[in-house]
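These are the residues of each chain, in order.
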Amino acid sequence: MDIKENINALKISLPQYLKLVLVTKTQPDEKILEAYNAGQKIFGENKVQELITKASRLPKDIEWHFIGHLQSNKVKYIAPFVSMIHSVDSLKLLQIINKEALRNNRIVDCLFQMYIAQEETKFGLTLDEIVTIITSSELKELKNIRMKGLMGMASFTENKEQVRSELRFLADTFKKLKEKYYHDDDNFKELSMGMSDDYTIAIEEGSTIARIGTLIFGERM
Ligand SMILES: *Cc1c(COP(=O)(O)O)cnc(C)c1O
C-alpha cells in the first residue's frame, strides 16, 4: 500500500468542502507520518490512551479528532489538545468536556453521536435525547464547548440501500435540528458520516466530514 498515492487518489475524488479525518487507530507512527508528509493534517483516534501517546510523539500541528466512546474520567487527558470530539452521547459528558476545556483555557468542538443503525450498536443518542440536551438550560451554560453538528455510523452490512437510508435519516435529522434550534448559529454545520465502505453514499447524502482508515492504510492488524 502506498499511503501517499492512496491519499492523493482519494482527495481528488472528494468534493472540496469535505473534511477528511484520516483514522489512524492501530497504525504505527511511520505510517501516520507518511500520511502527514503527504499533506494530511487531520487524524482520528478512538481510544484515549492511544491518542495521547501518539499525540505526544507526532508533529504538533496535527489536528486530532476523537471518534470513539469517551468515558468521563478520561476527558482530562485529551482536553488539552483535542480539536473535535465526534462521540458525545450524554449531557454529563458535555459538562465534563466543558469543565476540562475551561481548565485548559480552550474551546472544544463537539458533535452529538446519533444512533442510526438497525443493529445493536452500543453508543449514540436518539433524536429525543438530542432534543432534550439541546433544549436544556444546562447546555446554555457551557461556554467552553461548541456544538458543531452530528456524527453517526450506519449498520455494518452489504445492503447499500439500508446504509443509504440510515445515512439519509441522519442527514434529515441534522437539517431539522439546524432549522429548529441552530438556524442563527453558523457553527452547527457539520455532518460526520462516511467510512471506507460507505463514504461515497455518505457524500451523496450530505456528509461534510468523512472518517476513513482502511481505504488508505489497508486492513488493520
Ligand atoms: C475505525 C473507525 C472509522 C474508520 O473505519 P474504516 O472502515 O477503516 O474507514 C470511522 N469511524 C469510527 C468511529 C471508527 O471507529
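In the block above lies the structure referred to throughout.
Criteria and thresholds
All residue numbers refer to position in the chain's written sequence, counted from 1. Confidence filtering applies because this is a predicted model: local features only for residues at pLDDT of at least 70, side-chain atom pairs given and counted only at 80 or more, and all residues used for totals across whole chains, interfaces and linings. Excluded from the side-chain calculation are hydrogens and water; included are all heavy atoms of the structure. For this analysis, a salt bridge means a side-chain nitrogen from Lys or Arg found within 4 Å of a carboxyl oxygen belonging to Asp or Glu. Strands are runs of DSSP state E lasting at least two residues, helices are runs of H or I lasting at least four, and both sets are numbered from the N terminus onward. Relative accessibility thresholds used throughout: buried, under 20% of the residue-type maximum; exposed, over 50%; partly exposed, between the two (1.4 Å probe, protein chains only). Whether two strands pair depends on DSSP finding at least two bridges between them. The criterion for an aromatic pair is that two Phe, Tyr or Trp rings (for Trp, the six-membered ring) have centres within 6.5 Å, with stacked assigned to planes under 30 degrees apart, edge-to-face to planes over 60 apart and tilted to the rest.

Engineer: Lay out the pattern of salt bridges with the relevant residues and their values.
Structural biologist: Inspection of every chain in the model, using the stated rule, returns nine salt bridges. Notably, a salt bridge pairs Lys-54 with Glu-45, separated by 2.8 Å at the nearest N-O pair. Salt-bridge contacts for Lys-54 lead to Glu-50; the nearest nitrogen and oxygen are separated by 2.7 Å. Taken together, the residues span about one helical turn, with Lys-54 and Glu-50 both in helix H3 (residues 48-57) at a distance of four residues. Each of Arg-164, Arg-168, Glu-204 and Glu-205 takes part in a single network of salt bridges with overlapping partners.

Engineer: Now, about the pairing of strand E8 (residues 209-212): what can you tell me, with residues and values included?
Structural biologist: With burial as the criterion, each face of E8 is covered, one bearing Ile-209 and Arg-211 and the other bearing Ala-210 and Ile-212. Sheet topology places strand E1 (residues 19-23) next to E8; four bridges connect them, and they run parallel. What sits directly across from Lys-19, in E8, is Ile-209.

Engineer: An account of the pairing of strand E6 (residues 145-152) is needed here, citing residue identities and associated values.
Structural biologist: Burial of E6 is extensive: seven of the eight residues sit out of reach of the surface. For strand E5 (residues 108-114) and E6, the ladder comprises seven bridges, and the chain directions are parallel. Bridge assignment links Val-108 to a residue of E6, and that residue is Ile-145. Sheet topology note: the E6/strand E7 (residues 190-192) ladder contains three bridges and is parallel.

Engineer: Describe the packing of aromatic side chains, and please don't skip the residues or the numbers.
Structural biologist: Applying the stated criterion to the full structure yields three aromatic pairs. Arranged with centres 5.8 Å apart and planes meeting at 45°, the rings of Phe-43 and Trp-64 form a pair that is tilted. In this pair, Phe-43 is assigned in strand E2 (residues 42-45) and Trp-64 in strand E3 (residues 63-66), connecting sequence segments 21 residues apart. A single burial state applies to Phe-43 and to Trp-64, both of which are buried. Aromatic side chains Tyr-182 and Phe-188 sit 3.9 Å apart centroid to centroid with 0° between the ring planes, which places their arrangement in the stacked category. By relative accessible area, Tyr-182 is classed as buried at 8%. The exposure class of Phe-188 is buried, given its relative accessible area of 0%. Taken together, the aromatic side chains of Phe-174, Tyr-182 and Phe-188 make up a single cluster linked through ring pairs.

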